[in-house]
Amino acid sequence: MSKIGSARVFDQLAAEPRRDPGVRILGVSPLNALAGDVERNRRTPLAGIRGAAARLRPPPSGAMPGRRTTAASPRHATPSTGDAVWSWTDSRFAQLLGERGATDLATKAVPFFRRERGPEELARLFAVFRVGEHHAVITIGDWLKHTEALEVKEGFARLIWHEARHTIIWTRRMRELVGTRVVEQHYPDPRRVEGGASPEYFRLWDEYAKADSLARRLAYIYVVDAWAGFAYTACLECIDPVTRWHLQTILADEGFHVSFGEEMAAKYVTGGKEREELAREEEKIVGILANVTDGFLTSEV
Ligand SMILES: [Fe+2]
Ligand SMILES: [Fe+2]
């Protein structure tokens with residue numbers, strides 16, 4: 001058995017032809033306390049390799065998970081974890097922005113989300129993200145009981161579970177960055193964060209909660225989550241490996257949410273009046289999100 005550095009292990013795995021099934025590499029860490037981190041740090045490159053492989057693979061003749069061209073012609077999406085194969089640029093949100101609007105958004109906001117931040121700043125940014133995730137849990141929980149179609153109910157239930165998972169991920173990461181006591185002192189309520197978030201950000205979640213028809217609710221799901229996909233994708237390239245690994249899971253979920261919302265809108269929002277309501281709501285949400293983006297750019301996070 002030879003001893004080599006961990007980075008070379010993955011190079012070697014990729015370079016050597018596949019052998020019989022079984023253990024090929026044994027990782028030994030002398031520090032028990034870091035066992036969790038070591039395990040995660042080994043998973044991150046594997047997730048990256050899987051993501052790169054998925055990107056290099058030509059799309060199948062049918063569906064590409066989470067990818068969309070229009071709300072009117074949805075394809076089925078399969079949620080997955082670990083690989084960020086979904087791109088917000090294929091969403092209805094990007095379509096609503098148009099090529100120029102999407103480019104403007106990326107030019108303006110990507111540098112903000114990619115800015116290098118210390119642990120305190122990162123914890124504050126994640127606290128802001130957490131506000132949205134937790135509001136989604138509460139609001140979609142309310143919608144669930146007023147929804148008739150079983151298929152939509154099932155999707156809402158899955159979304160609630162995912163958004164709760166995202167809330168927990170951000171909380172855990174904040175604790176790892178600044179400690180549990182600081183999180184409890186400064187970020188006691190996952191629905192609020194003092195400073196760092198603009199009033200428009202909270203208005204977005206208030207409006208989200210006020211959506212009183214299936215058309216309006218679905219519009220919030222697929223437009224807002226595509227914006228979240230944009231923000232998370234922008235963070236992906238510059239964030240530390242542990243957060244990046246979590247973000248890949250979250251992004252895969254958000255890709256499913258966008259696909260689900262668009263698919264259900266195409267299936268259940270079919271009447272002329274409802275389609276008009278949907279279009280009006282889409283426009284309104286895109287306007288709020290433009291203000292939310294501007295709010296982020298001038299905020300303290
Ligand atoms: Fe989420
Ligand atoms: Fe979501």
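Residues numbered from 1 in each chain as written. Chains lettered and ligands numbered in written order. Predicted model: local features only at pLDDT ≥ 70, side-chain atom pairs only at ≥ 80, totals over all residues.

Undergrad: Can you lay out the overall build of the protein chain for me, pointing to particular residues and giving the numbers?
TA: Within the protein chain one finds ten helices and zero strands. Each helix and strand of the protein chain, ordered N terminal to C terminal, gives the series α-α-α-α-α-α-α-α-α-α. Looking at the protein chain as a whole, 37% of its 301 residues qualify as buried. Long-range contacts, defined here as pairs at least 24 residues apart, represent 78% of the contacts in the protein chain between residues at least 6 apart. (Helix = DSSP H or I, 4+ residues; strand = E, 2+ residues; numbered from the N terminus. Buried ≥ 20, exposed ≤ 12 C-beta atoms within 10 Å, placed from the backbone. Contact = placed C-beta atoms within 7 Å.)

Undergrad: Would you mind going over the nonpolar core in detail, with residue names and values included?
TA: One finds Met174, Leu218, Val223, Ala226 and Trp227 to be the most contacted residues of the largest nonpolar core, which totals 64 residues. For this core, the secondary structure elements donating two or more residues are helix H3 (92–114), helix H4 (119–145), helix H5 (150–178), helix H7 (199–210), helix H8 (214–236), helix H9 (241–268) and helix H10 (272–297). In terms of residue count, the dominant contributor to this core is H8 (16 residues). The contacts of leucine 218, once residues within four sequence positions are left out, are Gly261, Met264, Ala265 and Val269. (Core = buried A, V, L, I, M, F, W, Y, C linked by C-beta atoms within 7 Å.)

Undergrad: Go over the packing of H8 against H10, please, and point to the residues and values.
TA: Two numbers describe a pair of packed helices, the interaxial angle and the distance between the axes. Axis separation between H8 and H10 bottoms out at 9 Å; the angle between their running directions is 35 degrees. Our pair here, H8 against H10, has a crossing hand that is right-handed. Here Ala215, Arg216, Ala219, Tyr220, Val223, Val224 and Trp227 of H8 come into contact with H10, specifically with Glu274, Glu277, Leu278, Glu281, Glu282, Ile285, Val286 and Leu289. (Axes fitted to C-alpha atoms, helices over the stretch in contact; angles between N-to-C directions. Left-handed = near helix turned anticlockwise from the far one by under 90°.)

Undergrad: Explain H10 to me, using residue names and the numbers behind them.
TA: Between the first and last C-alpha of H10 there are 38 Å, a value that for 26 residues agrees with the 38 Å anticipated at 1.5 Å per step. Among all positions in H10, only Glu281, Glu282, Ile285, Leu289, Val292, Thr293, Gly295 and Phe296 are buried. In the core, the buried residues of H10 are packed alongside H3, H7 and H8. (Expected span 1.5 Å × (residues − 1).)

Undergrad: An account of the environment of leucine 125 is needed here, citing residue identities and associated values.
TA: Along the chain, the position of leucine 125 falls in helix H4. In sequence terms leucine 125 and tryptophan 170 are 45 residues apart; their C-alpha atoms lie 9.6 Å from each other. With residues near it in sequence (within four places) discarded, leucine 125 still touches Arg117 and Val301.

Undergrad: How would you explain the packing of H3 against H8 if you had to name every residue and give the values?
TA: One can describe the packing of H3 onto H8 by two numbers: an axis separation of 10 Å at closest approach and a directional angle of 35 degrees. The way H3 lies across H8 gives a crossing that is right-handed. Together, Arg92, Phe93, Ala94, Leu105, Ala109, Val110, Phe113 and Arg114 of H3 and Tyr222, Val223, Ala226, Trp227, Phe230, Ala231, Ala234 and Cys235 of H8 make up the contact between the two elements. Considered class by class, the residues forming the contact of H3 with H8 number 14 nonpolar, no polar and two charged. (Nonpolar A, V, L, I, M, F, W, Y, C, P; charged D, E, K, R; others polar.)

Undergrad: Go over H8, please, and point to the residues and values.
TA: In this model, H8 (23 residues) spans 32 Å end to end at C-alpha, consistent with the 33 Å of a helix rising 1.5 Å per residue. With respect to burial, H8 is a largely interior element, 21 of its 23 residues being buried.

Undergrad: With reference to specific residues and values, describe the confidence of the model for the protein chain.
TA: Atomic detail in the predicted coordinates should be set aside for any region of low pLDDT. Overall, the prediction assigns the protein chain a mean pLDDT of 82, with 73% of residues at 70 or greater. Counted against residues more than four places away or in other chains, residues 52–84, with its pLDDT under 50, gives 66 contacts. (pLDDT = per-residue confidence, 0-100.)

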